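# Geometric and topological summary
Listed below, chain by chain, are the residues.
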Amino acid sequence: MPITTTAFTLAQKLRTGELKITQALDACYAAIEAGGQANFAALCREQAYARAAEIQARLDAGDVRSPLAGVPVAVDDLICTKGIATCAGSKALEGFVPPYDAAVIEKINAADMILIGKTRVSEFGMTNAVDGAAAAIAAGEAPIALGSDTGGALRRSAARHGLFALRPTYGAVSRFGLVAYVSSMDQIGPIARSAADCAALFAIIKGKDERDSMSADAPKAPLACEGGQRQRFAEALTQGGVLAQGRVLPMPNLDYALPAFEVLAAAEASSNLARFDGIKYGHASEKAKNLRESYVLSRSEGFGPEAKRSVLLGNLVLSAGQYEQYYVQAMRARRLVRQALLEALATCDALSACAEDPSSLVTPSLAGLPALALPDGTQRIGRAFGEAALLAAGDYKM
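Just so it is clear, the model here is predicted, and its values are computed rather than measured. (Residues numbered from 1 in each chain as written. Predicted model: local features only at pLDDT ≥ 70, side-chain atom pairs only at ≥ 80, totals over all residues. Heavy atoms only, no water.)

## Regarding the packing of aromatic side chains
Under the counting rule described, the total for this entry stands at 5 aromatic pairs. When the ring of Phe 124 is compared with that of Phe 303, the centres are 6.2 Å apart and the planes differ by 75 degrees; the resulting orientation is edge-to-face. Taken together, the residues span a long stretch of sequence, with Phe 124 in the loop between strand E3 (114-119) and helix H5 (132-138) and Phe 303 in the loop between helix H9 (291-302) and helix H10 (305-318) at a distance of 179 residues. The class of Phe 124 is buried, set by a relative accessible area of 1%. Between Tyr 323 and Tyr 327 the ring centres are 5.3 Å apart and the planes differ by 25 degrees, which places this aromatic pair in the stacked class. Here the residue Tyr 323 and the residue Tyr 327 both occupy positions in helix H11 (residues 323-345), the gap between them amounting to 4 residues, near one helical turn. With a relative accessible area of 18%, Tyr 327 lands in the buried category. These aromatic residues form a ring-pair network of at least three members: Phe 124, Phe 276 and Phe 303. Arg 45 extends its terminal NZ or CZ atom over the ring of Tyr 29, reaching a point 4.5 Å from the ring centre. (Phe/Tyr/Trp six-rings, centres within 6.5 Å; stacked < 30°, edge-to-face > 60°. Helix = DSSP H or I, 4+ residues; strand = E, 2+ residues; numbered from the N terminus. Buried < 20%, exposed > 50% of the residue type's maximum accessible area, 1.4 Å probe, protein only. Lys NZ or Arg CZ within 6 Å of the ring centre and 35° of its normal.)

## A few points about a nonpolar patch on the surface
The grouping of Ile 279, Leu 291, Tyr 295 and Val 296 at the surface amounts to a nonpolar patch, some 350 Å² of accessible area in total. Mapped onto the secondary structure, Ile 279 falls in the loop between helix H8 (257-272) and H9. Residue classification places Ile 279 among the partly exposed residues on the basis of a relative accessible area of 49%. (Patch = residues over 30% accessible without salt bridge, like charges linked within 9 Å, V, L, I, M, F, W, Y side chains within 5 Å. Areas by Shrake-Rupley, 256 points an atom, 1.4 Å probe, with all protein chains shown as cover. Salt bridge = Lys/Arg side-chain N within 4 Å of Asp/Glu carboxyl O.)

## Quick word on the pairing of E3
Within E3, 6 of the 6 residues are buried, leaving the element largely enclosed by the surrounding structure. In the sheet, strand E1 (residues 40-43) pairs with E3 via 3 bridges, with the strands oriented antiparallel. Bridging from a neighbouring strand, Ala 42 pairs with Lys 118 of E3. As paired strands, strand E2 (residues 72-76) and E3 are joined by 5 bridges and run parallel to one another. Each bridged residue has a counterpart across the sheet, and for Val 75 the counterpart in E3 is Lys 118. This β-α-β element, E2 to helix H4 (residues 103-110) to E3, shows right-handed connectivity. (Pairing = 2+ DSSP bridges. Right-handed = clockwise from strand over helix to strand, strands pointing away.)

## Comments concerning the environment of Glu 306
Mapping Glu 306 onto the fold places it in helix H10. Judged by its relative accessible area of 26%, Glu 306 is partly exposed. When the C-alpha positions of Glu 306 and Met 126 are compared, they lie 7.2 Å apart, and in sequence the two are 180 residues distant. When sequence neighbours within four positions are dropped, the list of residues in contact with Glu 306 reads Met 126 and Thr 127. (Contact = heavy atoms within 4.5 Å.)

## Quick word on the confidence of the model for the protein
Summarising the model, the protein shows a mean pLDDT of 90, and 90% of its residues fall at 70 or more. Across residues 226-231, where pLDDT falls below 50, the model places 7 contacts with residues more than four positions away in sequence or in other chains. Below a pLDDT of 50 lies the segment residues 237-248, which in the model reaches 28 contacts outside its immediate sequence neighbourhood of four places, other chains included. (pLDDT = per-residue confidence, 0-100.)

## Brief notes about helix H12 (residues 358-367)
Counting buried positions along H12 yields 8 of 10 residues, so the element is predominantly enclosed. Considered for burial, the residues of H12 that qualify are Ser 360, Leu 361, Val 362, Thr 363, Pro 364, Ser 365, Leu 366 and Ala 367. Just downstream of H12, Gly 368 is the residue with a positive phi angle, here 75 degrees.

## Brief notes about the nonpolar core
If you look at the biggest cluster of nonpolar residues, it comprises 113 residues, and the most contacted ones within it are Ile 108, Met 113, Phe 124 and Ile 191. Excluding anything up to four places from it in sequence, Phe 124 contacts Leu 78, Ala 88, Ser 90, Ala 92, Leu 93, Val 179, Tyr 181, Leu 273, Phe 276, Phe 303 and Ala 307. (Core = buried A, V, L, I, M, F, W, Y, C linked by side-chain atoms within 4.5 Å.)

## Notes on the packing of helix H2 (residues 21-34) against helix H3 (residues 45-60)
Between two packed helices, both the angle of their axes relative to each other and the distance between the axes serve to describe the pair. Packing of H2 against H3 leaves a shortest axis separation of 9 Å and a crossing angle of 155 degrees. Between H2 and H3, the angle falls in the class roughly antiparallel. As for how H2 packs across H3, the hand of that crossing is right-handed. Taking contact as the criterion, the partners of Ile 21, Thr 22, Leu 25, Asp 26, Tyr 29 and Glu 33 in H2 are, on H3, Arg 45, Ala 48, Tyr 49, Ala 52, Ile 55, Gln 56 and Leu 59. Broken down by class, the residue content of the contact of H2 with H3 amounts to 8 nonpolar, 2 polar and 3 charged. (Axes fitted to C-alpha atoms, helices over the stretch in contact; angles between N-to-C directions. Parallel < 35°, antiparallel > 145°, perpendicular 65-115°, else oblique. Left-handed = near helix turned anticlockwise from the far one by under 90°. Nonpolar A, V, L, I, M, F, W, Y, C, P; charged D, E, K, R; others polar.)

Right, dumping it as structure tokens:
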């Protein structure tokens, strides 16, 4: 039977002995096979059952290392996993097997969660076209997952499948071991059936990591709001403003969000993808006859249409003749967007917006603010390191 309970419910059954870890894994892999492995790029069945035996022994002895101990978890194919292929949805990284684990993988291992496989992603996570992690949870193939959110792909896929997904504050979760797309906006977050599940997994993966210079320890706060605070939200409007505590706050600067994101994303992608040259790693063309052809053909064959478009656009906006006109202006627009959100959040605990509208999705990414996608297709945008309030509000809506 597919797993249709929350990760918390499953963890409780594992702790009480009502269910064995191997039974949970059997259910996950049976559902994955029934779906033709459509949502997974790679499975790690042998490793999962080996870890299950170790963790089951600890649970039986009363050694519970986290609230989600023994729970199967999927991670998307942008997150490096030692000994398990990480291809980032691209032929450019086809067959790449990392020699190390990402920081979040180290943390879920320490929490005695069990990695079952890598969910499919669009190439380098550039588009919202692939719902691998969300589709896997919706199909009962995994109770919870970790995904990458840059321009809102994780939140949009959660909204499509009636799930919760948290994009943490930029820096709240280490990016070490995450295949970079837009380094100034990439973040790893949980996706699950409940806000409580997201809160539990976020608590496991958050925290400062010396290997990521942008990571930081979030201020300690309870995962629940006091009194009536959880109901103090603002509702985003479609005409360039937000409704905050009965007052309309004009926010015309949000009109710049999507074009600014497109320019900055392309610029950073062109830099990040330059490392995939087929020499140190990545796809190497067999047709190349010299070094120049090796660079050109390896990238031409390895990158898909979206990656090529980003590289070309990024090179353009960073070129000497266009830098001031495009990149610098996009950075200015980014600052205006962040300022507008911070001013709005000074009057309320969070803003409400559509979780499927591209402009609304990229807004918290540009501002570095946390956002929680809800099953009703909306998202809540909160203050920096205000995940606790967002998650409590998500729980309130259930």
